[in-house]
Every structure is written in C-alpha cells, then in structure tokens.
Amino acid sequence: MRVGYQKRTTAGDKTICLPVPDGVDYNIWIKDPVGFRQYLDEQIRIHPELFPPAISSGYQLIGFVESKKQQIKTRRLMVKDGSRQCYQIRPDTMMPYMVGTTEEVEKGLYLRKAGVPYEGIAHVLGHSPMYWYSVTQALGRISIVGSLAKESSVSFPHLVADEKHSWWLGKRIYIAVTAAKGCFLGVGLAKSASTEDLTTAYGEFAQEAQANKADYCPETVNLDGWEATQAAWQQLFPRVVIMNCFLHFVLGVQQRCRSNKILYKTLTEELWDLYHSLNPSQFGQRLRRFMEWVEAEVDMPAVILGKMRKLHVQKENFKLTFQHPDAYRTSNQVDRLMNYQDRLLYGMQYFHGSEKAVRQGIRAMAMLWNFHPYSQKVQRKAPYSRSPFEALNGFQYHDHWLRNLLIASSLNGRLTGRSVSLKLEEN
C-alpha cells in the first residue's frame, strides 16, 4: 500500500553513471566510438542493474553533451524499444549536475558524515558552506533501497523501525527510520506522531521497496509499544508480524527503579535471563517463576509492579520470536543508526529550511551512512566488508567509496536486479 507518498522524479532518473577504468584519459576515451562501445557493452553484461531494462532491445549512441563547468563531454544513448527514450552517460569521476569531481568532493562528504559543519568543511577544503550543503543535499534525491540492494539474493524479510524525535523551525517532528542489516532502508518525515502521518512517512520505504520488488512484504518488523506506529505498519503491510521490542520493556523497568540499585540490578538480570530462554516452554516457565517472585516481593513499589504485570500480558508476543528465529528482538539495529543521526542533528541545531530541504537532508544522511567506508580497525577485522553496502551485497563497484555510491545510484538507484536478458546491437 502506498499512502500519501508521491513518487519523486528528477533529471537523474535519466542519467546512467558509468564506471571509468582507472588510468584512462576520459576526454580521449569518450571520442573512441569503437572502444567506448565495446566497454559499454561489457558493463551492460556485467552490471545490467545500472542501465534501463529497455536497453535489452539494443541502443544507439546519439551524440555528446558538453559541460562548461567541468570542460568535459558526455555521451548520450537512445534505447531501441520504440519509446525513443534517451539517457545521458555520466562518468563516475564526476558528481551529479557536474558540480565537481569525486576527488574534489570526496573529502568534504566524508567530513560531513563525521558531523563536521559546512562552515568547517569550507574553511579546510575551500568553496562556500552553501556549496557543500548543496552537494550533500543532492544525495537525498536518490532511492535508498534501489541504490542499496543490488544483488538479487539481497532481501529484507525482517525489519526494525522507530521514530527519531527532532525539531524543524522550533516544532517537534519525527523521522520515521526503517533499518535492517546495519543499513538505513528508509527515512521519512512525519509532522506528528499520528497514525496518518507515520503511515505517510513509513510509506516512503514501502514505495521504494515495492518498486524494487512488486510483491514485497516483510515477514516481521520490530517496534516499540507506540500504537500509532504499529497501526501504520499494519496499514502498509497487513500481513507483517509485529514484534515488541524487549529492550524497550527492560528500559521501562529500569527507569522506574533507578533509586533502588539492588532492585535495579536484580530485575535487569532476571529480565535478560528471561530474554535468553532457548524455547517457548523455558520462556513460559521462567516467566511464571519470575512473576511469582515479583508478586510475593513485599517491598516492590506499585509503579514497578504494574509495569511487570504488563510483561505477563505481552508474553505471547514475546514468544513469537521462537516462531521467527531470524527476526530482530530488540531495537539495537535502528538505535545505532539513530545515534548517528543524533550527532549530526545536534551539530546542525536541527532543521531550519523548507520541508523539501528537510526531507532531502535526512535522506542524504542515510545515503552517506550506507556507503561510508568503515574505519581501518573494522576493515582489518572484516576484510571483505569495507562499507555497509559491501557487507550487504558482498561486492563493491569501486574501491573508492564515493565512486561506489555514484555507480550504485545510476538512474537514481531506481532500477535494480540482475536478471535482464540483453541483446546488444551495433549502430
């Protein structure tokens, strides 16, 4: 279901980002019709997901487009499926709209991912703060799911979702975050915590996921206890199984007994012991004994006792984890990503521009996270996972993280999958 979400269309939907071989003089290479076409045919065979599906009918190179900003020419092609759709081929060494080269921009975007203000980036690397703001915001036009899930084997049957509280022009807003496998899958803006607004916000993820796979429906989604959030997910995906977050329940208990350190420690240990039950029978047995102790404890404050009784009410939902062993049981998967958002949002003192700028800003944060290079320490521990994108797909288009992002966002990341049957034709 797509509720209240309007599909974004930009000029980038007709731009193919082509990997350029290292050590090649692009301005000379682009003028070699035979060599360029041979390389283009090879890339279509290897990475069909970077090209429009209609290219399987063949294509024709139809000329050049000259960029006065960067003093380079780019090729154009027309697909031969009768639609006469034309596409511009941009090298991965160049940023969208020709605002700069990847080598020129990469360090600034890396600093931005780390939370460095635009003024600081401009002071160190040149240009103006508005230049770096515009370069960053442009990433928010790209489809998050489409740019991320490139292998046909990549799927998201289990999700975690939550709302990040923020402020826009002094008013509270909510960033609806959907996550899985260490990556942002969706971020949407909700002006209130109502079911209607949250359905619209989470609907952006539903729109992109179903554009990637028409019959997509997650098996489970881990949520906190907010009724509006649960209702929004049930509207978007009626068959999804909603899993209550066990961590949120533990935190709720801890908050009520912070003044009693002994009770705090005891309840925390007992709850996590319950969490680590091996099967439904053991969970039920441990819960029964735990509740007997809670009810018999004469010094148990009423506010804590009331919270613990809710655990007994929710026991059937917590038992669902044994039916879905791969589902997320806590919100850790999304909490880590929202911590990253929190650092950036606090540093920029939240949002002050237009609604469009807010939406693009939160999406740009997600894109930077999904493609940022891991630290050297992390890469040494997992040598085949240099970024969240590679950890998910098992490969990278390019060792340069920003070029990898741009290639993955070919056609704004809207066309994915590797099942296109190609019939390449000569001019």
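For the structure, check the block above.
What counts, and where the lines are drawn
- Residues numbered from 1 in each chain as written.
- Predicted model: local features only at pLDDT ≥ 70, side-chain atom pairs only at ≥ 80, totals over all residues.
- Heavy atoms only, no water.
- Helix = DSSP H or I, 4+ residues; strand = E, 2+ residues; numbered from the N terminus.
- Buried < 20%, exposed > 50% of the residue type's maximum accessible area, 1.4 Å probe, protein only.
- Contact = heavy atoms within 4.5 Å.
- Pairing = 2+ DSSP bridges.
- Right-handed = clockwise from strand over helix to strand, strands pointing away.
- Axes fitted to C-alpha atoms, helices over the stretch in contact; angles between N-to-C directions.
- Expected span 1.5 Å × (residues − 1).
- Phe/Tyr/Trp six-rings, centres within 6.5 Å; stacked < 30°, edge-to-face > 60°.

**Brief notes about the environment of Lys73**
Right, so step 1: Looking at the secondary structure, you find Lys73 in strand β3 (residues 72–79).
Right, so step 2: Lys73 gets classed as partly exposed once you look at its relative accessible area, which sits at 33%.
Right, so step 3: A C-alpha to C-alpha distance of 71 Å links Lys73 and Ile262, two positions 189 residues apart in sequence.
Right, so step 4: Beyond its immediate chain neighbours, meaning those up to four positions away, Lys73 contacts Tyr26, Asn27, Ile30, Phe64, Val65 and Glu66.

**A few points about the pairing of strand β8 (residues 220–223)**
Right, so step 1: Where burial is concerned, the two faces of β8 agree: the one with Thr220 and Asn222 and the one with Val221 and Leu223 are both buried.
Right, so step 2: Examined bridge by bridge, strand β5 (residues 158–168) and β8 share three bridges and lie parallel to one another. Considered in β8, the bridge of Leu159 is made with Val221.
Right, so step 3: Here β8 runs beside strand β9 (residues 241–244); their pairing, made up of four bridges, is parallel. Paired with Thr220 across the strands is Val241, a residue of β9.
Right, so step 4: With helix α8 (residues 227–236) bridging β8 and its parallel neighbour β9, the resulting β-α-β unit is right-handed.

**Thoughts on the sheet that holds strand β2 (residues 59–67)**
Right, so step 1: The strand order β1-β4-β3-β2 describes an open sheet built from four strands, whose pairing is mixed. Because the sheet does not close on itself, it has two edges, and the strands there are β1 (15–18) and β2. In this sheet, neighbouring strand axes are inclined to one another by 30° on average, regardless of whether the strands run parallel or antiparallel.
Right, so step 2: Sheet topology places β3 next to strand β4 (residues 86–91); four bridges connect them, and they run antiparallel. If you follow Leu77 over to β4, its bridge partner there is Tyr87.
Right, so step 3: Against the sheet, helix α2 (residues 33–46) engages β1, β2, β3 and β4, with an angle of about 110° to β2.

**Some remarks on helix α3 (residues 102–113)**
Right, so step 1: The end-to-end C-alpha separation of α3 is 15 Å, in line with the 16 Å expected for 12 residues at 1.5 Å each.
Right, so step 2: When α3 is considered as a whole, its buried residues turn out to be Thr102, Val105, Glu106, Gly108, Leu109, Arg112 and Lys113.
Right, so step 3: Against the buried residues of α3 lie α4 (118–125), α5 (129–138), α14 (332–347), α15 (355–371) and α18 (401–408).
Right, so step 4: Where α3 ends, the next residue or the one after it, Gly115, has phi of about 95°, a positive value.

**Here we look at the packing of aromatic side chains**
Right, so step 1: Across all of its chains, the model carries 24 aromatic pairs by this definition.
Right, so step 2: Residues Phe371 and Phe389 carry aromatic rings whose centres are separated by 5.0 Å and whose planes lie at 25° to one another, so their mutual orientation is stacked. One end of the pair, Phe371, is in helix α15; the other, Phe389, is in helix α17 (residues 388–393), with 18 residues separating them in the sequence. Exposure class is identical for Phe371 and Phe389. Each is buried.
Right, so step 3: Joined through ring pairs, the aromatic side chains of Tyr202, Phe205, Tyr216, Trp233 and Phe237 make up one cluster.

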